[in-house]
Amino acid sequence: MIVNKEVARKLRDIGFREPTDYLYNHIGESKKYLDADSGNQLYIDKGFDNCDAPEKSDVFAWFRSKGIIGCVQLSHVFYFVIHNNKKEVHIGESFPTWEQAEDACIEEMIKLIQ
């Protein structure tokens, strides 16, 4: 599942530059622009305000490479973040769905870099 456009822009602003299969075009539509199997470009719009639309799993991996570990716990559907291997843990609130908890966790990790 890809992040929403607002989060994609925030990630772009903090330096996320990993390869992605999707982008958000200038009107907010997500478009697949790379065939993962062949590597061929399927769609590209060089127009105004495009940004990559990464998969959430790729975002979590990118943050781990920065020393920020985010995790969503299934049993309680909350998240925690460990920053730069410190024992400081940020525990989020409870969320009705796994996806909402993932989104909140990503937002919290973005704040740590901004």
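Nothing here was measured: the structure is a model prediction, and the numbers come from that model. (Residues numbered from 1 in each chain as written. Predicted model: local features only at pLDDT ≥ 70, side-chain atom pairs only at ≥ 80, totals over all residues. Heavy atoms only, no water.)

This next bit is on the environment of Q73. Mapping Q73 onto the fold places it in strand β4 (residues 68-73). The partly exposed category is assigned to Q73, whose relative accessible area is 28%. The sequence separation of Q73 and E102 amounts to 29 residues, and the corresponding C-alpha distance is 9.6 Å. (Helix = DSSP H or I, 4+ residues; strand = E, 2+ residues; numbered from the N terminus. Buried < 20%, exposed > 50% of the residue type's maximum accessible area, 1.4 Å probe, protein only.)

This part covers the side chain of K56. Considering the arrangement of structural elements, one finds K56 in helix α2 (residues 56-65). When near neighbours in sequence (up to four residues on either side) are disregarded, K56 contacts M1, I2, V3, E99, E102, D103 and I106. (Contact = heavy atoms within 4.5 Å.)

For the rest of this paragraph, the subject is helix α1 (residues 5-13). Given 3.6 residues to a turn, an α-helix orients residues that are three or four positions apart in the same direction. For α1, the complete set of buried residues consists of K5, V7, A8 and L11. Each buried residue of α1 sits inside an arc of 160 degrees when the element is viewed along its axis, so together they form one side. The exposed set on the far side of α1, more than 90 degrees from its buried face, consists of E6 and D13. Buried-residue contacts for α1 involve β1 (22-24), β3 (51-52), α2 and α3 (98-113). Looking at where α1 begins, the residue whose side-chain oxygen comes 3.1 Å from the main-chain nitrogen of E6 is N4. (Arc of directions from axis to C-beta. Polar contact = N/O pair within 3.5 Å; in protein donor to acceptor, adjacent residues only side chain to side chain.)

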